[in-house]
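Residue strings, one per chain:
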Amino acid sequence: MVTPWFNQWKMLLEKKLTLHDFAIFDPLLDLLHVLKNQEINNKELKELLDTVNSQRKKLKKIKKS
């Protein structure tokens, strides 16, 4: 049996699949874990960048005053 190729975690959710739907020895599981961690890290990085940009704008505004 060939494992379908997923390149985003949300693709699993769209197909109503979970990690338990795959064989334990399937290398796709490792890739899915890496992708999920990447998604989480990207989200956290975006939030951090938003915070830094907001603080930078506030400091700029204070400096002008």
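Draft legend 1. Examining a nonpolar patch on the surface more closely. Judged by side-chain polarity, L45, L48, L49 and V52 come together as a nonpolar surface patch covering roughly 360 Å² of accessible area. Checked against the element boundaries, L45 lands in helix α2 (residues 27-64). Judged by relative accessible area, which is 46%, L45 ranks as partly exposed.

Draft legend 2. Structural context of α2. Helix length check: α2, at 38 residues, gives a terminal C-alpha distance of 55 Å against a target of 56 Å (1.5 Å per residue), a fit within 8%. Where α2 is concerned, the buried positions are L28, L29, L32 and L35. Elements in contact with the buried residues of α2: α1 (9-14).

Draft legend 3. Region of the structure containing the nonpolar core. The biggest cluster of nonpolar side chains holds seven residues, and these are F6, W9, L12, F22, L28, L29 and L32. Of all the secondary-structure elements, those providing two or more residues to this core are α1 and α2. When residues in this core are grouped by element, the largest group, three residues, is from α2. Ignoring anything within four residues of it in the chain, the contact list for W9 reads L19, L32, K36 and E39.

Cut-offs and rules
- Residues numbered from 1 in each chain as written.
- Predicted model: local features only at pLDDT ≥ 70, side-chain atom pairs only at ≥ 80, totals over all residues.
- Heavy atoms only, no water.
- Patch = residues over 30% accessible without salt bridge, like charges linked within 9 Å, V, L, I, M, F, W, Y side chains within 5 Å.
- Areas by Shrake-Rupley, 256 points an atom, 1.4 Å probe, with all protein chains shown as cover.
- Salt bridge = Lys/Arg side-chain N within 4 Å of Asp/Glu carboxyl O.
- Helix = DSSP H or I, 4+ residues; strand = E, 2+ residues; numbered from the N terminus.
- Buried < 20%, exposed > 50% of the residue type's maximum accessible area, 1.4 Å probe, protein only.
- Expected span 1.5 Å × (residues − 1).
- Contact = heavy atoms within 4.5 Å.
- Core = buried A, V, L, I, M, F, W, Y, C linked by side-chain atoms within 4.5 Å.

Honestly, that's just the spatial picture; any functional story needs more than this.
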